[in-house]
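# Chains, contacts and geometry: an overview
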Amino acid sequence: MLTLDQLLQKLWMDYSSMNQQAGAIHRALEKRGEKVVNDHLAFRTLNLSKVGIDVLAEPFLKFGYKDASGKGYFFKEKKLFARHYEHSDSNQPKVFISELLVEEFSPTLQKTVKDMIDQVPDKLTQTEDFLISGFAWKPVSWQVYQDLLKESEYAAWVAAFGFRVNHFTVSYNALTSFKDFPDLNGFVKGAGFSLNAAGGEIKGSKDVYLEQSSTLAHPVEVQFSDRKAVIPACYYEFARRYPMPNGKLFQAFLPDSADKIFESTNFRTI
Ligand code: NI
């Protein structure tokens, strides 16, 4: 059986092969003398029982992770719900899993995503490999992808990329050579990567104990049923956490900030 470190390594290998900017930024930070620690990693899924948040969380619960999100997080506009999980060893990354509230969309979208998920073998969802399985359905057509995009960029992303890490997040707190969070963002931009500017490059602030930024998702070529196309895939994120009045570092997530971070995979002309 895998250890947690082996699982995380496997997830990183899959993710960084899809998102070469992550590997490049990771290497640039190491070259600077930094040791990169992950604040969290994030998955996207749908609230269908076969593939819901609980299914993706299961392998992490086996490794001792616990739901630390209370009532969870709602994203009203994007029609998402999310939870986050923490390990008792605070050096292990948190795990953030969101799901699309499928029933809140059009019958067409509901049918499209249900048809996709019907094709996923039950067995696959019961192993850790589900977390790197990509899409286990016949590729959707370019038109279906466009129709999904119109209703939900998130649903379109899941249709094109399936189950894999959407982003890893570098912990600013574990870095030692930057004077502040904007300094790290400047370093990333200086290395040639664009940051997601929706709502400003830095989401959150010291006042809410969390600052986050992210790259714009790396474009990759995807095979649709009727054509190949280059679309945004995964992004790399950065987070700085501040101590709360009780002296403990804030460990949760901010729906307002995450709402804008989700837009890092927005379709754009590449
Ligand atoms: Ni994140």
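The coordinates are above.
Quantities reported herein were computed from a predicted structural model and do not represent experimental measurements.

The next point concerns the coordination of the nickel ion. Listed as protein donors to the nickel ion are His 40 (NE2), His 167 (NE2), Glu 237 (OE) and Glu 237 (OE); their distances from the metal cover 2.1 to 2.6 Å. Because the angles between the 4 donor atoms bound to the nickel ion fall within 51 to 128°, the donor set is best described as irregular. Between consecutive donors of the nickel ion, the numbers of intervening residues give the motif H-x126-H-x69-E. A residue pair is termed long-range when its members are at least 10 positions apart, and His 40 in strand 1 (residues 38–46) and Glu 237 in strand 11 (residues 235–241) qualify at 197 residues. In this structure, His 40 and Glu 237 share a single accessibility class: buried.

The interhelical angle for the contact between helix 5 (residues 142–151) and helix 6 (residues 153–161), taken along N-to-C directions, is 150°, at an axis separation of 6 Å. Where helix 5 abuts helix 6, its residues Tyr 145, Leu 148, Leu 149 and Glu 151 lie against Glu 153, Ala 155, Ala 156, Ala 159 and Ala 160. Looking at the contact of helix 5 with helix 6 residue by residue, the class counts come to 7 nonpolar, no polar and 2 charged.

Because an α-helix packs 3.6 residues into every turn, residues spaced three or four apart end up facing the same way. Restricting attention to buried positions, one finds in helix 3 (residues 53–62) the residues Ile 53, Val 55, Leu 56, Ala 57, Pro 59 and Phe 60. Two residues or fewer past helix 3, Gly 64 is found with a positive phi of approximately 95°.

Attention now goes to the nonpolar core. The tendency in soluble globular proteins is for nonpolar side chains to be buried as a group. Counting 82 residues, the largest nonpolar core has Leu 11, Phe 43 and Tyr 236 as the members making the most contacts within it. Per element, the largest residue contribution to this core is 8 residues, and it comes from helix 6.

This part covers the side chain of Asp 39. With respect to the secondary-structure elements, Asp 39 resides in strand 1. Exposure remark for Asp 39: the relative accessible area of 5% places this residue in the buried category. Engagement of the side chain of Asp 39 in a polar contact is seen with the side chain of Arg 241, the distance being 2.6 Å. Filtering out sequence-adjacent residues up to four positions away, Asp 39 remains in contact with Pro 93, Lys 94, Thr 169, Val 170, Ser 171, Ala 239 and Arg 241.

Taken residue by residue, a regular strand's side chains alternate between the two faces of the sheet. Summarising burial for strand 8 (residues 210–214): 5 of the 5 residues are buried, a large majority. Across the two faces of strand 8 the burial is the same, with Leu 210, Gln 212 and Ser 214 and Glu 211 and Ser 213 all buried. Bridge count between strand 7 (residues 203–205) and strand 8: 3 bridges; the pairing is antiparallel. Note that in strand 8 the partner of Lys 203 across the bridge is Gln 212. The hairpin turn running from strand 7 into strand 8, its antiparallel successor, is 4 residues long, and Tyr 209 in that turn takes a positive phi close to 70°. Two strands pair when backbone bridges link them, and strand 8 and strand 11 are joined in this way by 5 bridges, in the antiparallel orientation. Residue pairing across strands places Gln 212 opposite Ala 239, the latter belonging to strand 11.

Parameters at a glance
- Residues numbered from 1 in each chain as written.
- Predicted model: local features only at pLDDT ≥ 70, side-chain atom pairs only at ≥ 80, totals over all residues.
- Heavy atoms only, no water.
- Donors = N, O, S within 2.8 Å, 3.2 Å for Na, K, Ca; no water.
- Tetrahedral: all angles 85-135°; square planar, octahedral: opposite > 155°, others 65-115°.
- Helix = DSSP H or I, 4+ residues; strand = E, 2+ residues; numbered from the N terminus.
- Buried < 20%, exposed > 50% of the residue type's maximum accessible area, 1.4 Å probe, protein only.
- Axes fitted to C-alpha atoms, helices over the stretch in contact; angles between N-to-C directions.
- Contact = heavy atoms within 4.5 Å.
- Nonpolar A, V, L, I, M, F, W, Y, C, P; charged D, E, K, R; others polar.
- Core = buried A, V, L, I, M, F, W, Y, C linked by side-chain atoms within 4.5 Å.
- Polar contact = N/O pair within 3.5 Å; in protein donor to acceptor, adjacent residues only side chain to side chain.
- Pairing = 2+ DSSP bridges.

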